[in-house]
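Secondary and tertiary structure notes
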Amino acid sequence: MDVLDGVPRTVLGYPVKTRTQVVMTFLVPVIFETMVYIVLTTADVLVSVEHFRNGNPSWGWFTLSLIWLPSVVCFCAIVSTPERWPEQIGCDRRTGQFLFKNIAILLLFPLAALYRFNRRIFWSIEALFHDKGSYGRAQSIAKILETSPCELYHFLQAFLQAAPQMMLQLYILLRDGTFRNYDTVTVQVVSVVFSFLTMATIITTYQRFESQKVVGRCYPWSTSEQATCRRKELLRTTSTVESALAQTPSIAPEIDPVVPNIMRNFYSRYGSEFEQESAGTAGEGSIGPRKTLNVDAINFNREQSKGYRDPYVNFTDDAKLEISESDTVDDEGYKSKMLTGRSVSFKVHDTVHELREMDRYLRSTEDLRNVTDDSDDEYLKPDGFDAVPKRPAPPTPEAGVFHRVSIFRHMLLHNAENFIKEKVPRLPQGMFDHHPEPTGKPARKDQTNESDQTDGDAISLPSRRQTIVGLEQDDMAGKSVLFVGWVMFLLMRMLSLSTFYVFFPLFFWMLCANHYLLMIACIVYEVRMHEKLERYFFYLFLAYMYVFSLLEFKIRFIHVRWWYIGYIGIVLLENVAMLVVWCNLGSFESWWFYFLHHTIIVSGVLSLMCFLFYYAFLRAKDKVLFVNETA
C-alpha cells in the first residue's frame, strides 16, 4: 500500500510529483492553520482584555469562556471514551499518566495545539528530503498522518469558539456607540475575520468526510489502534478497481476457455494416429503415408487466403518426387521437410509459433462460441484444414472493453436488485437466490467438477460484485475554490443573523429555533432511526452546526444533491427574508448598514458562483471499491 494512498495525485487533471503532493496536501495547509490559530487565539484574548478595560466585565467573561469551551468539551469527550483508557482497570501508574496528560492539555491547550501543528510541519519538511518509496519518506508520512486528540479540539474550536465569538463581536460592533475605542474595534475586527477563516478551514476539510471515510479516510483524533484496525479491515474486505479487473474473468477471445477445449479434443482424436504412424515408420525405416497439415502465416490472413494457391503449382512431377524423397528422419522420431518446410507433423513438428498461429485462427471463427462435440469435425477435420472459411472472420475486439462492459452490467444488476429489495414489500422467497436448488439426487464425487470443465458449450462469465462508492479527497485547486466559497457563505450568513438580531432579537431566536428543529427532523429522516443511542446526542450538536453550514459528518447523506440544494436554498431564503425585513422595518441612519446590505448580497452571489464552479469542474471523483466475497 502506498504511503500517499488517498492523497490527490493530480491538480486540475495534471499529475504531480510526490514532493508536490506533500507540499500541497500537508505543508501548506498546516502552515496556514497554524498562522490562523495563533492570530485567532491572540485576538480573542486581547478582546476579552479590552472588554475588561472598557468596563464591560460580562462581555469579557463571556469572550474568555468561549476560548476555554472547546478544550473543556474535548477533555470530556476523551475521558468519557473507554477505548482511550489503559487496558488494565484500576488506579495504576498508566491511569495516572493518562489523566495527568489530559489535564495538562486542558490547562495548556494553546501549547498542545501548537506542538501538534509544529510536529506536522517538521515531518512535512522532513518528507521532502527523502526519495519516493524510501523508508524515510514512509516514516515521515506516517508521522504526519498519526492521530491526536488535538485534532478534535481544533474541530470543536470552529463551532464552539469561532462561530459564537463571531456572532458576539459582530453584535457588539453593530450596537450604537461602539466606535469610540479604536483599539477595541481593531482587535474585534481581527477576531471576526480569523473566525471566518477558522470555520471555513474546518468546513472545507470535513465537507464530505463520511463519503471519504468509507473508502479509507479515518478520524484524525481516533486512537492509533483504531486507525490501524480500520485500515487493515478495509484492505482485507475490499479491493480496488485495478486489482478487481485483473482477477475478473474476461469474455474476450484471448482468454476464452472454449479454444483450449477444442484443441484438446483435436489432439485426442488425431494425435494417436500420428503417434502410431510416426512410430511405425521410424521402426521400419521407410517413409509411408502420413497425415499432415499445411500451416503457414498466409493461412491466417483472410485477404490473402482467398487467393492462396498450392505451393507446388510450379513444380513438375519429377521435382515433387525429389522433394518427397529428400525427407529425413531425425533422432527424435519426427520428419521434416528440408526444402520447403510446408508440411508439419502434429507430433513434435508443431512448434510454439505454429501452435499460436493455429490457436489464433481457431479463435477468429465466429461459430466457435456455440460449437459442440458433433460440430468439431467441421472445423477440425485435417483434410479440409486449408480450406477458406465460408464466413469472414470478425475483427478481434479489445479485452478492456469487455472488462468494462461486464463490470458495468454487474453493477446495474446489483443496484436493480437492491432497489427492488428496498421498495417492493413481500418478495417471493428465493427470488434473488442465484444458487441452483438441490434436485434431491446426491452428486457423486467424480461428477462434482464436470460442470466446470465444459467442452466448449458454455462461456465463463464474471459473477456480480458488491461495490462501495465513496469520494476521493479534493486537490489543491478544488480546496481553494471551496474554501473561498465557504468564506463568502459564512460572511453572508453571519452578517444576516447579526444584523437581524440588532433590530429584532425575538424574531431572531424564533428563526434560529425553527431552523434548528428543521435540521433535527432532516437528520432523523436521513438516518431512519437505525443508529445507536449515543449518536442521537451528537445529532443535537450536529443540528447546531447546520445553523451556520452543512457538513456530511457522522451521517452519510443518501440524497446528497437534495441535501445541498435544499440547505443552500433554505439559507438563501432566510437571509433574503431577514435582509428585506430589517432594511424596510428597521430604524437606522448610519451608512454602515447600507454597506452591510450590499456586502450580504455580493457575498451570497460570490459563494453561489464558487459552489457551482466547484461542482461543475473541480469536485472530487467517485472512488469505487469492490467487496471481496471471501472476506
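Residues numbered from 1 in each chain as written. Predicted model: local features only at pLDDT ≥ 70, side-chain atom pairs only at ≥ 80, totals over all residues. Heavy atoms only, no water.

Things to note about the overall build of the protein chain
A count of helical and extended segments in the protein chain gives 21 helices and 9 strands. Looking at the 631 residues of the protein chain, the share that counts as buried comes to 40%. Long-range contacts, defined here as pairs at least 24 residues apart, represent 75% of the contacts in the protein chain between residues at least 6 apart. (Helix = DSSP H or I, 4+ residues; strand = E, 2+ residues; numbered from the N terminus. Buried < 20%, exposed > 50% of the residue type's maximum accessible area, 1.4 Å probe, protein only. Contact = heavy atoms within 4.5 Å.)

Some points on the layout of surface pockets
Counted as a void, the second largest pocket has a volume near 1,700 Å³. Arg-208, Ile-558, His-559, Val-560 and Arg-561 are the residues nearest the centre of the second largest pocket, which is lined by 40 residues in total. Considering every element that reaches the lining of the second largest pocket, the biggest residue donor is helix α16 (residues 399–423), with 7 residues. Considered class by class, the residues forming the lining of the second largest pocket number 18 nonpolar, 12 polar and 10 charged. (1 Å grid on protein atoms, 1.4 Å probe; cavity = no way out; pocket = protein on both sides within 12 Å on 5 of 7 lines; lining within 4 Å. Points joined across faces, edges and corners; volume = space filled by probe spheres on them. Nonpolar A, V, L, I, M, F, W, Y, C, P; charged D, E, K, R; others polar.)

Re the packing of aromatic side chains
This model, assessed by the stated rule, comprises 43 aromatic pairs. Here Phe-155 and Tyr-206 contribute two aromatic rings whose centre-to-centre distance is 5.1 Å and whose plane-to-plane angle is 75°, an arrangement assigned as edge-to-face. Placement of the pair is Phe-155 in helix α6 (residues 149–174) and Tyr-206 in the loop between α7 (182–205) and α8 (209–213), with a sequence separation of 51 residues. Since its relative accessible area comes to 2%, Phe-155 is described here as buried. Since its relative accessible area comes to 4%, Tyr-206 is described here as buried. With 5.6 Å between their ring centres and 40° between their planes, Phe-155 and Trp-221 make a pair best called tilted. In this pair, Phe-155 is assigned in helix α6 and Trp-221 in the loop between α8 and α9 (224–237), connecting sequence segments 66 residues apart. For the residue pair Phe-155 and Trp-221, the accessibility class agrees, reading buried in each case. Through successive ring pairs, a cluster of aromatic residues spans Phe-155, Phe-159, Tyr-206, Phe-209, Tyr-219, Trp-221, Phe-538, Phe-541, Tyr-544, Phe-548 and Phe-553. The positively charged end of Lys-554 is found above the aromatic ring belonging to Phe-538, 5.8 Å away from the centroid. (Phe/Tyr/Trp six-rings, centres within 6.5 Å; stacked < 30°, edge-to-face > 60°. Lys NZ or Arg CZ within 6 Å of the ring centre and 35° of its normal.)

Remarks on the pattern of salt bridges
Under the definition given, this model contains 8 salt bridges. Each member of the salt-bridge network shares a partner with another, and the members are Arg-116, Arg-120 and Glu-151. (Salt bridge = Lys/Arg side-chain N within 4 Å of Asp/Glu carboxyl O.)

Re the UniProt feature "transmembrane region" (unreviewed entry) in the protein chain
Here the UniProt-annotated "transmembrane region" (unreviewed entry) positions come out as residues 22–47, 59–80, 100–117, 185–206, 507–525, 537–558, 564–585 and 592–617. Secondary structure over residues 100–117 splits into 94% helix and 0% strand, and the C-alpha atoms at its two ends are 22 Å apart. For residues 564–585, the helix share is 100%, the strand share is 0%, and the end-to-end C-alpha distance is 31 Å. (UniProt positions renumbered as here; feature names shortened; annotations may be inferred.)

Brief notes about the side chain of Asn-575
Structurally, the position occupied by Asn-575 is in helix α20 (residues 560–585). Here the side chain of Asn-575 touches Arg-493 through a polar contact of 3.1 Å, side chain to side chain. Sequence-distant contacts of Asn-575, defined by excluding residues within four places in its chain, comprise Met-492, Arg-493 and Ser-496. (Polar contact = N/O pair within 3.5 Å; in protein donor to acceptor, adjacent residues only side chain to side chain.)

Examining a nonpolar patch on the surface
On the surface, a nonpolar cluster with roughly 610 Å² of combined accessible area is contributed by Trp-68, Val-72, Leu-99, Ile-103, Leu-107, Leu-108 and Leu-111. For the nonpolar patch, the secondary structure elements donating two or more residues are α2 (57–79) and α3 (93–107). Top contributing element to the nonpolar patch by residue count: α3, with 3 residues. Inspection of the secondary structure assignment puts Val-72 in helix α2. The class for Val-72 is partly exposed, based on a relative accessible area of 36%. (Patch = residues over 30% accessible without salt bridge, like charges linked within 9 Å, V, L, I, M, F, W, Y side chains within 5 Å. Areas by Shrake-Rupley, 256 points an atom, 1.4 Å probe, with all protein chains shown as cover.)

Some remarks on the confidence of the model for the protein chain
Chain-level statistics for the protein chain give a pLDDT mean of 75 and a share of 64% at 70 or above. Counted against residues more than four places away or in other chains, residues 327–350, with its pLDDT under 50, gives 56 contacts. (pLDDT = per-residue confidence, 0-100.)

Regarding the nonpolar core
If you look at the biggest cluster of nonpolar residues, it comprises 84 residues, and the most contacted ones within it are Phe-155, Phe-159, Met-199, Met-494, Tyr-546 and Leu-551. At 14 residues, helix α17 (residues 476–503) tops the list of elements feeding residues into this core. Non-local contacts of Phe-155, meaning those with residues more than four positions away in its chain, are made with Ile-202, Tyr-206, Trp-221, Met-545, Leu-551 and Phe-553. One finds Leu-4, Val-7, Ala-127 and Ile-144 within the second-largest nonpolar core, a separate group that totals 7 residues. (Core = buried A, V, L, I, M, F, W, Y, C linked by side-chain atoms within 4.5 Å.)

Some details on unusual backbone geometry
Of note in this structure, Lys-554 is not a glycine but carries a positive phi near 70°. Relative to the elements of secondary structure, Lys-554 occurs in the loop between α19 (533–545) and α20. Classification of Lys-554 as buried rests on a relative accessible area of 18%.

As for α3
The end-to-end C-alpha distance of α3 is 21 Å, a good match for the 21 Å that 15 residues give at a rise of 1.5 Å each. What α3 keeps buried is the set Thr-95, Phe-98, Asn-102 and Leu-106. Each buried residue of α3 sits inside an arc of 70° when the element is viewed along its axis, so together they form one side. Residues of α3 that are exposed and point over 90 degrees away from its buried face: Arg-93, Phe-100, Lys-101 and Leu-107. Tucked into the core, α3 has its buried residues touching α2 and α4 (109–128). (Expected span 1.5 Å × (residues − 1). Arc of directions from axis to C-beta.)

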